[in-house]
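Inside the fold
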Amino acid sequence: MTESRRNERGSALIMAVFVLALVASMGMALLFLGQLEVRMSKTGLQEKKSFFLAEAGVEDGRGSLYDINKGEDFSDDLTTSAGPDGNHMVDPSAIRPVYDAAGNLTGFTGYGDDVPLTNTTAFGEGWYMVLLANDPLEQATPTLDQNHRVMMTGVGAGPDSSFEVVQAIVEKDEILPQIPPATILLLGPDPAFQSGSSNPKEYVGDDCNGLGGMPGLYVPVVGTVDTVVDEGIERPKNFMTGGLEGYDTVADVTDADALDAMGAGLGPLDPSWTDCAFLQQMVESIREVADVVCEPPAPCTPPPPSPSRVMMVDGDYTVGGDESGQGLLLVTGTLEMHGRASWRGLILVIGEGKFDRFGAGNGVISGSLVVADIAGPDDIYGTADDCSGGVEGFDTAAFDEKGGGNGDTVFCTDDIVPAIPIPPYKVVSFVQH
């Protein structure tokens, strides 16, 4: 074999060894990258799990706070959560999980003497805890809630020492703008009002007839908008509020001066009540939270009586002679009440805006009654012409108490307040730390 051929074979062997070394190096690099990617993916998955745990904590806390408070403000909860020193020590950067030797979470540190809204709770493969503090806009008054907002801090931790902190500002939402400032509130132009012909029955604006409610509070018996009802009140001597009788108990509830002259306690009507589009949205919001929604002519079975139940009837409805209802009743058609029928709470006849009460009974309406016709020219609520007729979308609201009977109609905040629906608290801001 010649010298040149031997050199060629030697060169090929060196090249082969070099290629094998290069392939081996690439393989090792790929293996390293693969392992690194798996570790990174696992770390990312752990972080995501912790994030979802923290988020689950906020949702749990939001539900718990709603169950505790409903329509109340948050001041008492903020006082409790602030602990003995009266200040909130929530600092997301200071919070840390604490584990035992077996890798089980024993708690969290870094929040001073604050009292958790939700204590450390096992969930799936991890844990969460929820802290409560005032909305940052109210930091100067840590335990006084004036804007119906609070901040929740959710901490989520896994068994692998991963943890995440999230914060959400939650707000109490209100469907009704304000307690109606009248025993009977008629919205819209030229309301039609007939009070019946029975001497014994009474229309009372004193809160709970002086047997409850807020001492000294009273409102107009009949409240109207931009007009005064002075016709069709057949027995004005049966109208009583704050020592006033008869026609003096009727007032334009948008006129602050007139209400001040009466001495009525709730002040003028919230302008939202005179906004037809707002009332449409209010009706639909009540539909969403109602315990039962009836659509006649299908049978309508009321839910079990409760001061806070919400019942909506999308059409006409009759409260029978022996029925004693409670809570919020919304009727978009004509509402009839017969004989001994009673209701404690808030009655909204908003849609076609017609209320008829037939006498010969002693049933009591205790709370407040609002009547508004926003159904438009076709007089059917829920069609395209709603809020397109009358004055700014309102047509004539009609209240007609037909004939005799001893049934009273009394303003009563003790029955109104529990009937006001409060939807679940909404999240208005959310951040991950």
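With respect to the side chain of lysine 172
With respect to the secondary-structure elements, lysine 172 resides in the loop between strand S6 (163-171) and strand S7 (184-187). Not counting residues within four places of it along the chain, the set of residues in contact with lysine 172 comprises Lys70, Gly71, Glu72, Phe74, His148, Ile422 and Tyr425.

Quick look at the state of the cysteines
Think of a disulfide as a covalent bridge from one cysteine sulfur atom to another cysteine sulfur atom. As enumerated under the stated definition, the model contains three disulfides in all. A disulfide bridge connects cysteine 208 with cysteine 412, and the sulfur atoms are separated by 2.0 Å. In this structure, the disulfide formed by cysteine 208 and cysteine 412 twists by about 85 degrees around the S-S bond and is classed as right-handed. Of this pair, cysteine 208 sits in the loop between strand S9 (203-204) and strand S10 (222-224) while cysteine 412 sits in the loop between strand S23 (409-411) and helix H5 (413-419), and the two are 204 residues apart along the sequence. For cysteine 208, a relative accessible area of 8% puts it in the buried group. Here cysteine 412 falls in the buried class, since its relative accessible area comes to 3%. Note on cysteine connectivity: cysteine 294 is disulfide-linked to cysteine 300, with sulfurs 2.0 Å apart. Across the S-S bond of cysteine 294 and cysteine 300 the torsion is about 75 degrees, and the bridge reads as right-handed. Classification of cysteine 294 by relative accessible area gives buried; the value is 4%. Using a relative accessible area of 21% as the deciding quantity, one classes cysteine 300 as partly exposed. For the chain, the bonded cysteines pair up as 1-6, 2-5, 3-4 when numbered in the order they occur along the sequence.

Reading the values: the criteria
Residues numbered from 1 in each chain as written. Predicted model: local features only at pLDDT ≥ 70, side-chain atom pairs only at ≥ 80, totals over all residues. Heavy atoms only, no water. Helix = DSSP H or I, 4+ residues; strand = E, 2+ residues; numbered from the N terminus. Contact = heavy atoms within 4.5 Å. Disulfide = S-S within 2.5 Å. Buried < 20%, exposed > 50% of the residue type's maximum accessible area, 1.4 Å probe, protein only.

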